[in-house]
Amino acid sequence: MENEQPYQEISQAPRLDWQVNGRGYYGDFGGAFIPEMLHPNVEELRNRYRSILEDSGFQEEFAGLLRDYVGRPSPLYEARRLSEKYGARIFLKREDLNHTGAHKINNTVGQILLARRLGKTRIIAETGAGQHGVATATVCALMNMECVVYMGAVDMARQAPNVARMEMLGAKVVPVQSGSRTLKDATNEAIRDWINHPLDTHYIIGSVVGPHPYPDLVARFQSVISREIRNQLEERTGQPNPDWLVACVGGGSNAAGTFYHYLDIPSVKLVGVEAAGKGIHSGASAASTVLGRPGIIHGSRTLLMQTPDGQITEPYSISAGLDYPGIGPLHAALFQSGRATYLQATDAEALEAAFELTRLEGIIPALEPAHALAKLKSLSFHPDEVVVVCLSGRGDKDLETYIRNLPEKLKTESKSPGKP
Amino acid sequence: MNRIDQLFCEKDQRVLSVYFTAGYPRLNDTFLVLEGLQESGADLVEVGIPFSDPIADGPVIQESGSRALSQGMTLELLFSQLRDCRRSIRIPILLMGYLNPVLQYGMEPFLRRCVETGIDGVILPDLPLEEYEIQYRKLFQDQGIYLVFMITPETSPERIRAMDRATGGFLYLVSSSSTTGKEKDLGRQFSYFDRVARMGLSHPLVAGFGIRNQKDFREACKHIQGVVIGTAFIEALSGSEDPRQATADFISGILGPSTPAGSKSK
Ligand SMILES: Cc1ncc(COP(=O)(O)O)c(C=O)c1O
């Protein structure tokens, strides 16, 4: 195990198949398809990230911040009414209770410590829902570093409260007007910034995407999620392994973190849930495993939504955090091998699931993990099976969308949740 | 002999290469602009294959690419626009673009179409040296198409030598670590040009990214064999009703009326 953890550890590293090889590949997927202008930056990161992450001083500082600043370990909550409804023991991994309201902060804390050790003074990031931008702006305030966040103009409008939070934290939020003006375009702009500021700047990428070593780096920082799940389940059920793990997939970082320590344990069924938008084949979705073909996006070979001519397709989802036309290369490999199953939830299903969780458990989830919750109805559980759903973030940022979509029909339905 | 080698055999200074985006300003201007460039004295052209997500390009080239795409530009269409180009075009032609559209076309079919069309070389900024050597070098060599590599001021001497061994035709010096169209202080690049020039590499050096006018062209060519102009040319095309005239005016502005193309004077 590389980055040692603050908690009691059952030492069992994932099998080598699910670790990147020397060239940054998970099977056929990954790599580092970057212009030469980025080579020095990416190579420096590649050469140094493992030794920095393995350094005990780094681990101590990282663990300390996760505990005292982020509030980890995040609770593993057994959702009794939800369990009753779906006929299994359903636990929610409460990443929504982290400081700043999502799992994104696990990665930004790790990366800002890494950036400091690389001697960088300026931080850039892309953001979709704004959660990663807020998490980045937060750690930059903490470490007194300059912070520039690129955000699609469309996302700035639909996630306005997060824009205000980033600015209050001292970040400069740059509206991106190119392409579909969402996450993919914000990522392009962040990469361009990095090309133009190669020496002083570290790019804190927000998911398990981008050129090697980012997918591995981010997965390692997010792997705190599955490490805690193991310990918490052991304590609660006497067994560290669940039967099912369910997580939403935009780029795939909360899912990678949720799956990480279980990749190697075949009895644990892994389910990733992508955004189907208005329907998988409606022309307005972000269902990369169904609609994607192998291609290159943001420096990585992965499954990618694209035209026959190789132009990257504009994705769509009601949730800004899942609105990405690809998935991280680890997920492409898990999908291709069949190790994990990928399902798709529509906007309407996600909204319904969000309202349901709110009324059943008194938890308003973010729209992204609402997609994961939405597929509980499609999985067939045995009553004594243990299911862990990663509740990757809280719904504050989505309140406006929820209020706009609160029809009478849903209100009454969610008051009587019992289903045959 | 590859036309690029031929060019540098005949002319080893003040080589002018010009980049433009295929399908721009209008969808069917590609050949018109190409012909205009040859007539007005460009030595080499780089035809840009538009891509939805051009991460190494600044706003001007991005905008030209999205306009071309919205007008219906595709790689297949580009090959058909250039199908008969070798009836009149003698100067070397490179295609420049991002890897994904090429991979979707298929690297091997792509290279075969390049040969059929009379393309001499390809520039793919997001295909790094390592991936090229492992996956594609043999395909390029089998078809006799050159892949031109880029180096930056931060590229180490060992890596520059490795690229000199792998590149075809010339080495492309990116004049600063920046996306296309950034105006940089060119003077500061000259020590880097000189440093690379003194390495005794086996390929000629051509510098790009940030060269805009006759002065830049002449100054840069005191240090290396040639330059590429892209953004400034796209800007000239974008404001014009008559791409052929705009091309002639732009190139004569770079070469200068008193300095005919091919002049050996320094
Ligand atoms: C709460 C939440 N969950 C999930 C995601 C999707 O990202 P990933 O797939 O990397 O976990 C986001 C992205 O913004 C998010 O804010």
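No experiment lies behind these values; they were computed from the predicted model shown.

### So, the interface of chain A and chain B
Phase 1: The interface is formed by 33 residues belonging to chain A together with 38 residues belonging to chain B.
Phase 2: Summed over both partners, the interface of chain A with chain B comes to about 2800 Å²; 53% of that surface belongs to carbon and sulfur atoms.
Phase 3: Of all residues in chain A, A:E36, A:M37 and A:R192 give up the largest surface area on contact with chain B, accounting jointly for 23% of the area buried on that side.
Phase 4: Inspection of the chain A/chain B interface yields three salt bridges.
Phase 5: Counting across the chain A and chain B interface gives 19 residue pairs in polar contact (both at pLDDT 80 or more).
Phase 6: In the side of chain A that touches chain B, the residues fall into 16 nonpolar, nine polar and eight charged.

### Observations concerning unusual backbone geometry
Most peptide bonds are trans, and most residues other than glycine sit at a negative phi.
All names here are of chain A.
Phase 1: Along the chain, R72 connects to P73 via a cis peptide bond; the corresponding omega equals 0 degrees.
Phase 2: Relative to the helices and strands, P73 resides in the loop between α2 (56-70) and β3 (76-78).
Phase 3: For the bond from H212 to P213, the omega torsion is 15 degrees, close enough to zero to count as cis.
Phase 4: Structurally, P213 is set in the loop between β8 (201-203) and α9 (214-222).
Phase 5: Unusually for a residue other than glycine, T100 sits at a positive phi of about 70 degrees.
Phase 6: Following the sequence through the fold, T100 ends up in the loop between β4 (89-94) and α4 (104-117).
Phase 7: Non-glycine residue N144 carries a positive phi angle of around 55 degrees.

### Considering a nonpolar patch on the surface
Residues and elements named next belong to chain A.
Phase 1: Together, I364, L399 and I403 make up a nonpolar patch on the protein surface, roughly 280 Å² of accessible area in all.
Phase 2: Structurally, L399 is set in helix α16 (residues 399-404).
Phase 3: The exposure class assigned to L399 is partly exposed, which follows from its relative accessible area of 40%.

### Remarks on the pairing of strand β5 (residues 122-127) of chain A
Residues and elements named next belong to chain A.
Phase 1: Buried residues dominate β5, accounting for six of its six residues.
Phase 2: Residues R122, I124 and E126 of β5 are buried on one face, and the alternating residues I123, A125 and T127, pointing to the opposite face, are buried as well.
Phase 3: Inspection of the sheet shows β5 paired to strand β6 (residues 146-152) by six bridges, in the parallel sense. Its bridge partner lying in β6, T127 is registered against M151.

### What about the environment of B:I224?
All names here are of chain B.
Phase 1: Checked against the element boundaries, I224 lands in the loop between α10 (214-220) and β9 (226-229).
Phase 2: Among the residues examined, I224 registers a relative accessible area of 4% and is labelled buried.
Phase 3: When the C-alpha positions of I224 and I49 are compared, they lie 27 Å apart, and in sequence the two are 175 residues distant.
Phase 4: When sequence neighbours within four positions are dropped, the list of residues in contact with I224 reads L173, F193, L205, V206 and A207.

### A few points about the site of the ligand
Residues and elements named next belong to chain A.
Phase 1: Taken together, 18 residues lie near the ligand, and S207, G250, G252, S253 and S392 sit nearest.
Phase 2: Within the side chain of S392, one N or O atom sits 2.6 Å away from a nitrogen atom of the ligand.
Phase 3: Within the complex, the protein chains bury 97% of what would otherwise be the 390 Å² of accessible surface of the ligand.
Phase 4: Here the residues of the shell around the ligand are counted per class, giving five nonpolar, 11 polar and two charged.
Phase 5: Mapping the shell around the ligand onto the domain boundaries places at least three of its residues in each of domain 1 (22-71 + 104-218) and domain 2 (76-100 + 223-411).

### A few points about the side chain of B:Q81
Residues and elements named next belong to chain B.
Phase 1: Tracing the backbone shows Q81 in helix α4 (residues 75-81).
Phase 2: Polar contacts involving the side chain of Q81 include one to the main-chain carbonyl oxygen of L27, which spans 2.8 Å.
Phase 3: Those residues in contact with Q81 that lie beyond four places of it in its chain are L27, N28, T30, F31 and M73.

### Quick notes on the packing of aromatic side chains
Phase 1: Enumeration over the complete set of coordinates arrives at 19 aromatic pairs over all chains.
Phase 2: Ring geometry for B:F233 versus B:F250: centroids 5.3 Å apart, planes at 50 degrees, classification tilted. Taken together, the residues span a long stretch of sequence, with B:F233 in helix α11 (residues 231-238) and B:F250 in helix α12 (residues 243-255) at a distance of 17 residues. Taken individually, B:F233 and B:F250 each receive the classification buried, so the pair is uniform in this respect.
Phase 3: If you follow A:K278 out to its NZ or CZ, it ends over the ring of A:Y316, 4.8 Å from the centre.

### Topic: the sheet that holds strand β1 (residues 15-21) of chain B
All names here are of chain B.
Phase 1: Pairing within the open sheet is parallel, and its nine strands lie in the order β5-β4-β3-β2-β1-β9-β8-β7-β6. Where the open sheet ends on each side, the last strands, each with one partner, are β5 (146-147) and β6 (150-151).
Phase 2: The pairing of β6 with strand β7 (residues 171-174) spans two bridges and is classified as parallel. Residue pairing in the sheet places M150 in a bridge with Y172 of β7.

### Notes on the confidence of the model for chain B
All names here are of chain B.
Phase 1: Confidence in the prediction of chain B, expressed as mean pLDDT, is 93, and 94% of residues score 70 or more.
Phase 2: In the predicted structure, residues 259-266 sits below a pLDDT of 50 and forms 16 contacts with residues beyond four places in sequence or in another chain.
Phase 3: Quick note on the complex model: pTM equals 0.93, ipTM equals 0.93.

### A closer look at α4(A)
Residues and elements named next belong to chain A.
Phase 1: The end-to-end C-alpha distance of α4, which contains 14 residues, comes to 21 Å, matching closely the 20 Å that a straight helix rising 1.5 Å per residue would cover.
Phase 2: Burial analysis of α4 places 12 of its 14 residues in the buried class, which makes it a mostly covered element.
Phase 3: By the burial criterion, the buried members of α4 are K104, I105, N106, N107, T108, V109, G110, Q111, I112, L113, L114 and A115.

### Re the nonpolar core
Phase 1: Grouped together as the largest cluster of nonpolar side chains are 191 residues, with contacts concentrated most on B:L95, B:M107, B:F110, B:F140 and B:L173.
Phase 2: Built from parts of two domains, this core gets at least three residues from each of domain 1 (22-71 + 104-218) and domain 2 (76-100 + 223-411) of chain A.
Phase 3: Those residues in contact with B:M107, other than ones at most four positions away along the chain, are B:L99, B:V102, B:L124, B:L127, B:Y136, B:L139 and B:F140.
Phase 4: Among the nonpolar cores identified, the runner-up in size contains 28 residues, and A:A88, A:V273, A:A345 and A:L357 belong to it.

### As for the domain arrangement of chain A
Residue and element names in this part refer to chain A.
Phase 1: Assigned domains within chain A: domain 1 (22-71 + 104-218) and domain 2 (76-100 + 223-411).
Phase 2: Here the C-alpha centre of domain 2 lies 22 Å away from the C-alpha centre of domain 1.
Phase 3: Note on domain 1 versus domain 2: buried area summed over both sides is about 3200 Å², and carbon and sulfur give 59% of it.
Phase 4: Sorting the residues of domain 1 by area buried against domain 2 places F29, R158 and K184 first, and these three jointly supply 22% of that buried surface.
Phase 5: Our count for the contact surface shared by domain 1 and domain 2 stands at two salt bridges.
Phase 6: In this structure, D323 engages R158 in a salt bridge whose closest nitrogen and oxygen atoms are separated by 2.6 Å.
Phase 7: At the junction of domain 1 and domain 2, the tally comes to 13 residue pairs in polar contact (both at pLDDT 80 or more).
Phase 8: Those elements that place two or more of their residues in the side of domain 1 that touches domain 2 are β2 (29-30), α2, α4, α5 (131-143), α6 (153-158), α7 (160-168), α8 (183-196) and α9.
Phase 9: Among the elements that line the side of domain 1 that touches domain 2, the one with the most residues is α8, at six residues.
Phase 10: Tallied by class, the residues present in the side of domain 1 that touches domain 2 amount to 18 nonpolar, 16 polar and seven charged.

Rules used in this analysis
Residues numbered from 1 in each chain as written. Chains lettered and ligands numbered in written order. Predicted model: local features only at pLDDT ≥ 70, side-chain atom pairs only at ≥ 80, totals over all residues. Heavy atoms only, no water. Contact = heavy atoms within 4.5 Å. Buried area = accessible area lost by both parts, 1.4 Å probe. Salt bridge = Lys/Arg side-chain N within 4 Å of Asp/Glu carboxyl O. Polar contact = N/O pair within 3.5 Å; in protein donor to acceptor, adjacent residues only side chain to side chain. Nonpolar A, V, L, I, M, F, W, Y, C, P; charged D, E, K, R; others polar. Helix = DSSP H or I, 4+ residues; strand = E, 2+ residues; numbered from the N terminus. Patch = residues over 30% accessible without salt bridge, like charges linked within 9 Å, V, L, I, M, F, W, Y side chains within 5 Å. Areas by Shrake-Rupley, 256 points an atom, 1.4 Å probe, with all protein chains shown as cover. Buried < 20%, exposed > 50% of the residue type's maximum accessible area, 1.4 Å probe, protein only. Pairing = 2+ DSSP bridges. Near = heavy atom within 4 Å. Domains from an automatic or database assignment. Phe/Tyr/Trp six-rings, centres within 6.5 Å; stacked < 30°, edge-to-face > 60°. Lys NZ or Arg CZ within 6 Å of the ring centre and 35° of its normal. pLDDT = per-residue confidence, 0-100. Expected span 1.5 Å × (residues − 1). Core = buried A, V, L, I, M, F, W, Y, C linked by side-chain atoms within 4.5 Å.

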